[in-house]
Amino acid sequence: MVLFQVDAFTRSPYSGNPAGVCILDRPADARWMQDVAREMNLAETAYLLPEADGYRLRWFTPTVEVDLCGHATLASAHVLWEQGVLPADRTAVFHTRSGRLTAERRGDRIELDFPTEAPSPAAAPIELYGLGAEPVYVGANRMDYLVEIADADRLRAMRPDMTALRQIPVRGIIVTAQSDDPAYDFISRFFAPAAGVDEDPVTGSAHCCLGPYWAQKLGKTDLRAYQASPRGGAVGVRVAGERTYLLGEAVTVMRIELLV
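Below you will find a few notes about this structure. (Residues numbered from 1 in each chain as written. Predicted model: local features only at pLDDT ≥ 70, side-chain atom pairs only at ≥ 80, totals over all residues. Heavy atoms only, no water.)

1. Some thoughts on empty space enclosed by the protein
And then number 1: If you walk through the whole model with that rule in mind, you get one cavity of 30 Å³ or more.
And then number 2: Estimates place the volume of the largest cavity at around 110 Å³.
And then number 3: As for the largest cavity, its lining consists of 17 residues, and the residues nearest its centre are Glu 44, Arg 171, Phe 190, Asp 200 and Thr 203.
And then number 4: Elements represented by at least two residues in the lining of the largest cavity include exactly α2 (70–82), β13 (186–192) and β14 (197–200).
And then number 5: Across the lining of the largest cavity, the residue classes break down as eight nonpolar, six polar and three charged. (1 Å grid on protein atoms, 1.4 Å probe; cavity = no way out; pocket = protein on both sides within 12 Å on 5 of 7 lines; lining within 4 Å. Points joined across faces, edges and corners; volume = space filled by probe spheres on them. Helix = DSSP H or I, 4+ residues; strand = E, 2+ residues; numbered from the N terminus. Nonpolar A, V, L, I, M, F, W, Y, C, P; charged D, E, K, R; others polar.)

Written out as structure tokens, the structure reads:
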């Protein structure tokens, strides 16, 4: 069994967000997939099983299976095209716990068609103050909390209390601020200690929440985003009603043979 490690939402190796990608030739036991994901110890490991009109796609962190993952979907499409499993001009179709997702090549980049996951205003649980920053807005969708803070420098400098954040029963906490760099509209970071990932380097699915939030605030539907983790990565975002389109690049850095 072969796995690929792909850095997503970057054109440079050893930046962006690394994901494992495994193309299965038969259904696999969920316990085995979770064990391999724990062994890989990446934010997500993706498993692809061919189906009649596409691929069944599942995503695992080192500790849990998740409902939606952008960077590992981008990485999966990249591997399918790079390895010649799927012709370069063919749409990659994925059947997931979040419905039907697709990926298209756009020159050197890949565009993902994802569901919009807009936030609604929410009360802040006391543990959210483990972020160590005063929120100007708190919202939530079905997976995450969204917290806007007023200062981009403060966002980059944050050192949250992961013990406190781990007590919040959600997938993760998105923290965002308007960008102080004219190249981007907004910046963000993503913390998911309850899902086994203290800080995710570049979280595509978080932009399904960030996109509609900033589109409404800024009065524009095409947005440029940067996730300000230590590895960092850029995400193009286009909000179109119930769908949000994410644009990014990917590069393969490893081919791994599983011996067991």
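2. Things to note about the packing of aromatic side chains
Each aromatic ring pair is summarised here by two numbers: the centre-to-centre distance and the angle between the ring planes.
And then number 1: With the rule as written, the count across this model stands at six aromatic pairs.
And then number 2: On the numbers, 4.9 Å between centres and 35° between planes, the contact of Tyr 137 with Tyr 213 is tilted. Of the two residues, Tyr 137 sits in strand β10 (residues 135–140) while Tyr 213 sits in helix α5 (residues 207–218), which places them 76 residues apart along the sequence. Both residues of the pair, Tyr 137 and Tyr 213, belong to the buried class.
And then number 3: Every member of this aromatic cluster is reached through a ring pair, and the members are Tyr 137, Phe 186, Tyr 213 and Trp 214. (Phe/Tyr/Trp six-rings, centres within 6.5 Å; stacked < 30°, edge-to-face > 60°. Buried < 20%, exposed > 50% of the residue type's maximum accessible area, 1.4 Å probe, protein only.)

3. Things to note about the side chain of Glu 249
And then number 1: Positionally, Glu 249 belongs in the loop between β17 (243–248) and β18 (250–257).
And then number 2: With relative accessibility at 15%, the residue Glu 249 sits in the buried group.
And then number 3: Side-chain polar atoms of Glu 249 contact the side chain of Arg 11, separated by 3.2 Å. (Polar contact = N/O pair within 3.5 Å; in protein donor to acceptor, adjacent residues only side chain to side chain.)

4. Section: the nonpolar core
And then number 1: Membership of the largest hydrophobic core comes to 54 residues, with the highest contact counts inside it found for Trp 59, Ala 92, Phe 94 and Ala 103.
And then number 2: For this core, the element with the highest residue contribution is α2, accounting for seven residues.
And then number 3: Ignoring sequence-local partners within four residues, the contact set of Ala 103 consists of Ala 77, Trp 81, Thr 91, Ala 92, Phe 94, Ile 110, Glu 111 and Leu 112.
And then number 4: One finds Ala 133, Tyr 145, Ala 152 and Ala 177 within the second-largest nonpolar core, a separate group that totals 19 residues. (Core = buried A, V, L, I, M, F, W, Y, C linked by side-chain atoms within 4.5 Å. Contact = heavy atoms within 4.5 Å.)

5. Focus: the pairing of strand β3 (residues 44–51)
And then number 1: The buried count for β3 comes to six of eight residues, which makes it a mostly enclosed element.
And then number 2: Where strand β2 (residues 17–23) and β3 come together, five bridges link them in parallel fashion. Across the sheet, residue Ala 19 finds its bridge partner in β3, namely Glu 44.
And then number 3: Two elements, β3 and strand β4 (residues 54–60), share seven bridges in a ladder whose sense is antiparallel. Along β4, the bridge assignment pairs Ala 46 with Trp 59.
And then number 4: Between β3 and β4, which pair antiparallel in sequence order, lie two residues. (Pairing = 2+ DSSP bridges.)

In short, the description is geometric, and any link to function would need to be established separately.
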